[in-house]
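Notes for the structure review
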Amino acid sequence: MKSEIAGRRAALAKAIGEGTLVVTAAPEAAISRNGYVPDQNYLYLTGLREPGGALLMRIHGGVAESQIFVADKDPAAEVWTGVRLGVEGARAATGMSAASASGLAAAVRAALKPGDTLRVANDTNPGQPLGDLLQEVRSGGTNVPLRSAQGPINRLRAVKSASELALIRKAAELTLIGFDAAVSAVAPGKYEFELEAALKSAYRRNGADGPDGFPPIVAGGDNATTLHYEANDALLPPNGMVLMDVGAGYHDYVADFTRTIPVNGTFSPDQRAFYQMVLDAQLAADRVARSRANWATVNDTARRTLALGLTKLGLIEAPDAEYDPRPDERCPKGPGGGCLQYFVYYMHSVGHGVGLDVHDPMLPTLEPGTVFMIEMGAYVRRNIDKIVGEGPKSAAFLAKTAAARAKYAGFGARLEDEYFSTANGVEMTTNWPREIAEVEARAQKLRTSPPPHDAAVLQKYPR
């Protein structure tokens, strides 16, 4: 990857043209449950995961002189956090000129010319490392204007190389292996954490070598109506559904994937109707994405289809019906200026990029090299009357949808798949059943014939 990463720096320098750029590593993590996660921009431009470093690029005429600054080797500190690269190791790993991090501020001051702007690229990890650097630079009498370099870096990160696509594809395959293991554990009487344990064990046995893209969401029954539910400690409802939103990590790249499964193996009639509504919206977005329409068209199609489905189930009055917003509520507005009613049940985005981060940069067009998600869901919380604002529109909405809200109270369903845009078309990389009969059949088969302890992919993707 060394030459590819050097190419990223060259492309960034060309995009910026002139100036001085600093990208700092994420700070050393305190002991925590989640461990150290590198700054993604730093990782993207250097290939290094180690804390305590920084990249300095002096750019002139679209060409950069790049230098890496790293923490010095320190045997006493390494007892706690592991062996450090040191200056010589960083030079060998990156091919760049390398120096001690203690000299970073002086090097930045020397690089800045009169009237120069210091560009920084740590929007993913703001705070202490960059703040300390700026304080040191300004202590030398330089009042440095700042400008973010996040825009040009985002444009580069949004279009993946062939090697990046291969790593994301591996992460997706590992995710599906783990998901099969989790589904094989789904049954009345099981706890959410038992599914999580099966999921993560299968990830790691088969080659997942880093942190997940995000804490796995294993949400049974009402828990599925909390978007970022992470407790994963409840008993599965015997006749309910379980939503699992998961993503393995592989060589720093991650995947994202969601399905909703009947706990007893078969959707009830009401669950089928609710699930089908979400699936119809995802399939509509899928069709538009495959036509290579821009993302705004994909988004609009998905939301319109979901609104039609919610109307059919009686959960909203009409696709363009409104409720009264809460003070300062941000929501999609209807023709009368109120919040569109579908927003009560579907309040997140239709999709996002994925790569080094589970919410990676994404362009508004689905050009080749783009990796994106289509994520549709619906969530019927039991206290919707406390969520909408007060007023005549809300009162009418609550009155007219009361019966349907009672029928589907506590229902939460989400379907999320990962797509690659390539020169040959748009490909869905998370090929796990979506249609109701196929989901039931796969779930029942996995319950009776669990996947083997060590899948063949262990040979395909050795650690």
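Bear in mind the structure is a predicted one, so any value in this text is a computation, not a measurement.

1. Observations regarding the pairing of strand 1 (residues 19-24)
Burial within strand 1 is extensive, with 6 of its 6 residues counted as buried. Residues Gly19, Leu21 and Val23 of strand 1 are buried on one face, and the alternating residues Thr20, Val22 and Thr24, pointing to the opposite face, are buried as well. Note that strand 1 and strand 2 (residues 54-60) share 6 bridges and pair antiparallel. Each residue of the ladder has a partner; that of Val22, found in strand 2, is Leu56. Bridge analysis of strand 1 against strand 5 (residues 118-120) gives 3 bridges, and the strand direction is parallel. What sits directly across from Val22, in strand 5, is Val120.

2. Some points on helix 4 (residues 86-94)
Listed in full, the buried residues belonging to helix 4 are Gly86, Ala90 and Thr94. Along helix 4, the residues classed as buried sweep out an arc of 85° about the axis, all on the same side. Facing away from the buried side of helix 4 by over 90 degrees, the exposed positions are Glu88 and Ala92. Residues of helix 4 that are buried sit in contact with helix 1 (2-16), helix 2 (40-46), strand 3 (63-70) and strand 4 (97-100). Taken from the residues just after helix 4, Gly95 is the one with a positive phi, measuring 75°.

3. Here's the deal with the confidence of the model for the protein
In the predicted model, the protein carries a mean pLDDT of 92, and the fraction of residues at 70 or more is 94%. The low-confidence segment residues 455-463 (pLDDT under 50) makes 20 contacts with residues lying over four places distant or belonging to another chain.

4. Topic: the nonpolar core
Among the nonpolar cores identified, the biggest contains 113 residues, and Met244 and Phe274 are the most heavily contacted of them. When neighbours within four sequence positions are excluded, Met244 is seen to be in contact with Phe179, Ala182, Val183, Val186, Leu195, Ile217, Val218, Phe257, Thr258, Arg259 and Ile261. Of all hydrophobic cores here, the second largest spans 16 residues; its members include Leu104, Ala107, Val120 and Val144.

Definitions and cut-offs
- Residues numbered from 1 in each chain as written.
- Predicted model: local features only at pLDDT ≥ 70, side-chain atom pairs only at ≥ 80, totals over all residues.
- Heavy atoms only, no water.
- Buried < 20%, exposed > 50% of the residue type's maximum accessible area, 1.4 Å probe, protein only.
- Helix = DSSP H or I, 4+ residues; strand = E, 2+ residues; numbered from the N terminus.
- Pairing = 2+ DSSP bridges.
- Arc of directions from axis to C-beta.
- Contact = heavy atoms within 4.5 Å.
- pLDDT = per-residue confidence, 0-100.
- Core = buried A, V, L, I, M, F, W, Y, C linked by side-chain atoms within 4.5 Å.

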